[in-house]
Amino acid sequence: KTGKYFSGLNFSAGELRFGSRKAEQDAEAVKLLRAAGAIHILVSNTPELCMMLETFNKVTGTTNNPYDLRRTPGGSSGGEVSSNAIAHRLDCVIF
């Protein structure tokens, strides 16, 4: 999510005033995941401050359901849900 710190990547948490903010270092959880061999492939969309029922913010807009663009996957993890749906279609796994 854009609410987590990945070195060099956006971590605005969906808040407009932090839209261009970049992480200077990895969050501790990210460091542990990398040390365990995890490969980071994306920073997904999140509602403002990860606190809404729909994955929308003024920085990146709305995350839509990849199978029905009239719908949203919803919740603070909507970006992850969409990426997992796409990964499923490609027959791979994202954690």
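Residues numbered from 1 in each chain as written. Predicted model: local features only at pLDDT ≥ 70, side-chain atom pairs only at ≥ 80, totals over all residues. Heavy atoms only, no water.

## A few points about the side chain of asparagine 45
Argument step 1. Its location among the elements puts asparagine 45 in the loop between helix 1 (28-35) and strand 1 (56-57).
Argument step 2. The buried category is assigned to asparagine 45, whose relative accessible area is 11%.
Argument step 3. Here the side chain of asparagine 45 touches threonine 60 through a polar contact of 2.5 Å, side chain to side chain.
Argument step 4. Within the local environment of asparagine 45, its side chain forms a polar contact with the backbone oxygen of glycine 61, the two atoms lying 3.1 Å apart. (Helix = DSSP H or I, 4+ residues; strand = E, 2+ residues; numbered from the N terminus. Buried < 20%, exposed > 50% of the residue type's maximum accessible area, 1.4 Å probe, protein only. Polar contact = N/O pair within 3.5 Å; in protein donor to acceptor, adjacent residues only side chain to side chain.)

## Description of a nonpolar patch on the surface
Argument step 1. Together, Ile39, Ile41 and Leu42 line one region of the surface with nonpolar side chains, adding up to about 320 Å² of accessible area.
Argument step 2. Relative to the assigned elements, isoleucine 39 resides in the loop between helix 1 and strand 1.
Argument step 3. Classification of isoleucine 39 by relative accessible area gives exposed; the value is 73%. (Patch = residues over 30% accessible without salt bridge, like charges linked within 9 Å, V, L, I, M, F, W, Y side chains within 5 Å. Areas by Shrake-Rupley, 256 points an atom, 1.4 Å probe, with all protein chains shown as cover. Salt bridge = Lys/Arg side-chain N within 4 Å of Asp/Glu carboxyl O.)

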